[in-house]
Protein chains: 2
Amino acid sequence: MTNRNLLIVSTSKVHGSGYMEYIQDQVAEHFKNCKKVTFIPFARPGGISHDEYTKIASDAFDKIGVEVRGAHTFESAREAVNWADGLFTGGGNTFVLLTQLYKLGFIEHIQNAVESGKPYMGSSAGSNITGTTISTTNDMPIMYPPTFDALQLVPFNINPHYLDPDPGSKHMGETRETRIKEFHAYNDQPVVGLREGSALIVKGNDIKIFGDHSVRIFEKGKQPYEIESTENLNFLVQ
Amino acid sequence: MTNRNLLIVSTSKVHGSGYMEYIQDQVAEHFKNCKKVTFIPFARPGGISHDEYTKIASDAFDKIGVEVRGAHTFESAREAVNWADGLFTGGGNTFVLLTQLYKLGFIEHIQNAVESGKPYMGSSAGSNITGTTISTTNDMPIMYPPTFDALQLVPFNINPHYLDPDPGSKHMGETRETRIKEFHAYNDQPVVGLREGSALIVKGNDIKIFGDHSVRIFEKGKQPYEIESTENLNFLVQ
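Let me sum up the structure you'll find in this document. (Residues numbered from 1 in each chain as written. Chains lettered and ligands numbered in written order. Predicted model: local features only at pLDDT ≥ 70, side-chain atom pairs only at ≥ 80, totals over all residues. Heavy atoms only, no water.)

### Quick notes on the interface of chain B and chain A
Part 1 of the reasoning: Contact residues are listed per partner, giving 42 residues for chain B and 42 residues for chain A.
Part 2 of the reasoning: The contact between chain B and chain A buries some 3,700 Å² in all, and 61% of this surface belongs to carbon and sulfur atoms.
Part 3 of the reasoning: The largest per-residue losses of area from chain B upon contact with chain A belong to B:Met140, B:Tyr144 and B:Tyr186, which jointly make up 20% of the total buried on that side.
Part 4 of the reasoning: The interface formed by chain B and chain A contains two salt bridges.
Part 5 of the reasoning: Residue B:Arg179 pairs with A:Asp139 through a salt bridge whose shortest N-O separation is 3.9 Å.
Part 6 of the reasoning: Applying the counting criterion to the chain B and chain A interface returns 13 residue pairs in polar contact (both at pLDDT 80 or more).
Part 7 of the reasoning: Looking at the side of chain B that touches chain A, the elements with two or more residues in it are α4 (94-103) and α7 (176-183) of chain B.
Part 8 of the reasoning: Considering each element in turn, the side of chain B that touches chain A owes the most residues, five residues, to α7(B). (Contact = heavy atoms within 4.5 Å. Buried area = accessible area lost by both parts, 1.4 Å probe. Salt bridge = Lys/Arg side-chain N within 4 Å of Asp/Glu carboxyl O. Polar contact = N/O pair within 3.5 Å; in protein donor to acceptor, adjacent residues only side chain to side chain. Helix = DSSP H or I, 4+ residues; strand = E, 2+ residues; numbered from the N terminus.)

What follows is the structure, encoded as structure tokens:
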């Protein structure tokens with residue numbers, strides 16, 4: 001994946017701002033050489049239709065002069081990926097998204113497009129699937145995918161909407177940090193916890209951090225640690 | 001499952017109390033005719049050993065004069081289930097638990113034991129697996145099970161550690177209620193949201209509610225609603 005050009009976004013909205021608004025300059029930069037972007041709506045947040053979801057993405061891309069078409073409107077996965085200069089996978093439920101990508105034959109075509117250098121952006125569930133597996137999603141497993149293996153565009157897992165433990169909580173459910181620790185009882189790859197408002201900008205083996213927050217890195221057998229947004233994550237791909 | 005005798009517990013601990021302490025009278029009542037209980041430790045919370053986890057359960061059952069042995073110490077699933085007068089599945093990760101139950105051949109033996117009238121208690125992940133599927137777990141999918149189909153001891157799903165939406169939250173992740181609504185975009189069975197401190201007492205087709213909280217019921221195509229702890233849930237099995 002030496003040609004990869006990825007924008008891996010934790011969330012499409014931060015509190016008090018519109019769809020992709022807080023990150024729109026970075027989105028414009030990411031797709032600056034693109035006239036046409038295929039939007040992959042299969043995660044279907046809140047059960048809205050693929051058309052309705054594509055309209056939301058399309059409205060956001062109108063502002064930067066990019067035409068958007070929904071992946072569901074093409075005859076095949078190949079056609080949906082080939083039509084565009086860039087790809088954007090929206091958030092929703094990661095299990096639904098991955099199941100549909102396998103069922104409709106998208107996996108290989110997206111991997112090939114990224115390998116060939118086409119810009120890819122994912123938000124939330126669309127970010128989760130860029131990792132090795134979807135095993136660090138926060139979503140409910142409402143659909144059974146044929147595997148948890150994801151697009152593997154990067155050699156680590158993503159945990160979007162990363163939430164720091166709340167020291168005042170009386171809830172006995174596990175904290176996010178505990179869950180990721182348990183992930184490492186059975187899995188080896190590092191996990192990048194992306195707080196809301198954060199994103200990864202991946203160009204080949206160079207990984208920059210977008211936003212003001214540090215990101216939290218979880219490696220098997222180590223204490224979790226922070227990488228400031230002014231630093232890079234190149235060590236994760238070397 | 002006309003002979004079923006189940007205690008489906010949301011959480012093993014409530015804030016400020018020890019393991020199973022808040023519900024110990026109900027546990028004693030549930031296992032009153034039992035001398036030996038097999039503890040199923042496979043959910044492995046926090047990656048502790050099966051022996052360590054069994055010790056925690058065993059200490060709690062010592063107080064009510066019941067001998068506890070870990071399911072992992074038997075030669076086979078059949079032997080583990082047949083040895084005991086009752087079964088208790090502890091919490092942890094639901095995906096790990098279900099994967100192990102299938103791999104080690106426990107599913108059918110537990111179902112047969114429950115059908116024959118042996119008392120079963122589950123807490124958290126151990127409650128989740130009593131439902132139709134594990135698709136309403138809150139856990140992270142750190143292991144890939146052969147199916148999401150669960151023990152199907154009751155004809156609905158459980159959502160343990162049910163959390164009401166926090167109106168003050170600025171976090172953009174989905175609320176539990178939104179997640180369960182999305183579950184119903186793809187699944188038909190009702191979901192019982194069990195708040196911490198709540199449990200279901202199931203005797204054949206009679207379902208009582210333990211604890212002070214009401215439970216939240218989610219049915220496909222309906223607004224979620226509350227059933228007070230003084231009422232019953234018999235309508236879910238009729």
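There is more to say after this.
### Re the relation of the copies chain B and chain A
Part 1 of the reasoning: For the pair chain B and chain A, the superposition axis carries a translation of 0.0 Å, the fit reaches an RMSD of 0.0 Å, and the rotation angle comes to 180°. Such a turn and shift between the copies fits a two-fold axis.
Part 2 of the reasoning: Of the interface residues in chain B, 100% have counterparts in chain A that sit at the interface too, so the contact is made through matching surfaces. (Least-squares fit on C-alpha atoms with pLDDT ≥ 70 in both.)

### Comments concerning the sheet that holds strand β10 (residues 215-218) of chain B
Residues and elements named next belong to chain B.
Part 1 of the reasoning: Pairing in this open sheet of four strands is mixed, and the strands run β6-β7-β10-β11 from one edge to the other. The open sheet is flanked by β6 (157-159) and β11 (225-227), the only strands paired with a single partner. This sheet shows a mean twist of 30° between the axes of neighbouring strands, independent of strand direction.
Part 2 of the reasoning: By the bridge criterion, three bridges tie β10 to β11 in an arrangement that is antiparallel. Looking at the pairing, Val215 lines up with Ile227 of β11. (Pairing = 2+ DSSP bridges. Axes fitted to C-alpha atoms, helices over the stretch in contact; angles between N-to-C directions.)

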